[in-house]
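Geometric and topological summary
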Amino acid sequence: MKALVALILLVQLPIHKAVPAAPPAPLGCDDPESVAAAEAAVNYINGHSHHGYKFALNRIEDIRVVPQGPNNDIIFLELDLLETKCPILSPTPLANCTVRSFAEHAVEGDCDVKLQKVDGTLSVLASKCHSHADSSEDILKVCPDCPLLVTLNNTEVLGMVSAALNDYNSKTTDSYLRLLEIGRAKIQYHPVHTVVAEFAVGATNCSAEEAKANAGACQLLPEDQSNFGFCTAVMVKRPSQDLQVDCQLYGHQVPAPHIPLLCQDTSAGLVPSAVGFTNHNLGLSHNSPVASESSSSELLRSMLSAKSVTKRAVADAAQHDKVPRPVGFVPPPPPCPGKIRHFDI
């Protein structure tokens, strides 16, 4: 009899079905983990860029995390960067570099980066970037008299840079400097005809005095003695001629392993990739030696796949979110894109 009663009670007990756990909420673009990954990515990009200027983070456009196992995630980032005033050769830490203002004809970088996070340690597997200058029309709306970027092989610019470097070398008692590359160039025609240029230089094995006899024989210092620097020159051509040149040498720097120095093989002071462009395109496509991918195209395929995975995760989470909301409830802002740190172009 007791067994029959126990059986009846067991049948009457409610049956609780196992509810699958909701996937974790997607990581927000301004979450500390996201910012840490973005900072690691930006440091990697600047460390593997060989021309132009360092870039700073402006906005995290998107982040996607694909778990690979316990304490092992693959992270995909879409980043907006802005050009700073620090040349890529400058030893100045990025945190101390000033982002170039909008009116100075800002340059924006767009990057896709793939990272891996294992036991809390981040490493970049691959990155793909390109950059572009803001449109002249946008600049002129804000600053009608501001000079605009011109192509790096502009003949007027090349002539001015040559004159500026000759002027500097004629007045120094230190090493004779050679042009490595032009970083930026702007021309203003009204109300005063002005040419402005910024260019990277390298010290040679000649003194300025020795170079007067045969400058063509002067060679850049070897890597173990190298000394690079950066110059800014301003030439007013009309109504009266005036030339001002300021150069700063950084001293010898030991390059990080697997990160080559600025290309020393220049033609007329310009790397071939810069000819015809108004700025050195960030144009970075790089795979870490530890990555399994052999091509940056794998990065793009992976990012597209990650997008679909994230969309499914968000949809699944929404199915489990059945909690009634009180009247007047305002949903939180979307996790991405993140905040703009400087300005939008």
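Labelled according to an unreviewed UniProt entry, the protein appears under the name FETUA protein, originating from Lanius ludovicianus. Reading the Subcellular location (unreviewed entry) entry of the UniProt record for the protein gives the comment "Secreted".

1. Some remarks on the pairing of strand β1 (residues 53-69)
Direction of pairing for β1 relative to strand β2 (residues 72-87): antiparallel, over a ladder of 13 bridges. Residue L57 lies in a different strand from β2, and its bridge partner there is L81. Connecting the antiparallel pair β1 and β2 is a turn made up of two residues, with N71 showing a positive phi of about 55°.

2. Some remarks on the pairing of strand β6 (residues 175-188)
Within β6, 12 of the 14 residues are buried, which leaves it mostly tucked inside the rest of the structure. Across two bridges, the pairing between strand β5 (residues 148-149) and β6 is antiparallel. Residue pairing for β6: L148 is matched across the bridge by I187. When β6 meets strand β7 (residues 193-207), the two strands line up antiparallel, connected through 11 bridges.

3. Some points on the pattern of salt bridges
Enumeration over the complete set of coordinates arrives at 11 salt bridges. Between R64 and D62 there is a salt bridge, with the nearest N and O atoms lying 2.2 Å from each other. On the basis of relative accessible area, R64 is assigned to the buried category, the value being 2%. With a shortest N-O distance of 3.2 Å, K237 and E156 are connected by a salt bridge. One end of the pair, K237, is in strand β8 (residues 228-238); the other, E156, is in helix α4 (residues 155-171), and 81 residues separate them in sequence.

4. Description of the nonpolar core
Counting residues in each nonpolar core, the largest one holds 26 residues, and the members touching the most others are I60, L77, L79, L81, C111 and V113. Looking at this core, the elements with two or more residues in it are α2 (32-47), β1, β2, β3 (107-118) and β4 (121-133). Residue contributions to this core peak at seven residues, all from α2. With 22 residues, the next largest nonpolar core counts L177, I182, V195 and C247 among its residues.

5. Looking at the state of the cysteines
Here the structure, examined in full by the defined rule, presents six disulfides. With its sulfur 2.2 Å from that of its partner, C86 forms a disulfide with C97. Judged by the sign of its S-S torsion, about -105°, the cystine formed by C86 and C97 is left-handed. Of this pair, C86 sits in strand β2 while C97 sits in the loop between β2 and β3, and the two are 11 residues apart along the sequence. A sulfur-sulfur distance of 2.1 Å marks the disulfide that ties C231 to C247. Because the torsion about its S-S bond is 110°, the bridge between C231 and C247 counts as right-handed.

Reading guide: rules and limits
Residues numbered from 1 in each chain as written. Predicted model: local features only at pLDDT ≥ 70, side-chain atom pairs only at ≥ 80, totals over all residues. Heavy atoms only, no water. UniProt positions renumbered as here; feature names shortened; annotations may be inferred. Pairing = 2+ DSSP bridges. Helix = DSSP H or I, 4+ residues; strand = E, 2+ residues; numbered from the N terminus. Buried < 20%, exposed > 50% of the residue type's maximum accessible area, 1.4 Å probe, protein only. Salt bridge = Lys/Arg side-chain N within 4 Å of Asp/Glu carboxyl O. Core = buried A, V, L, I, M, F, W, Y, C linked by side-chain atoms within 4.5 Å. Disulfide = S-S within 2.5 Å.

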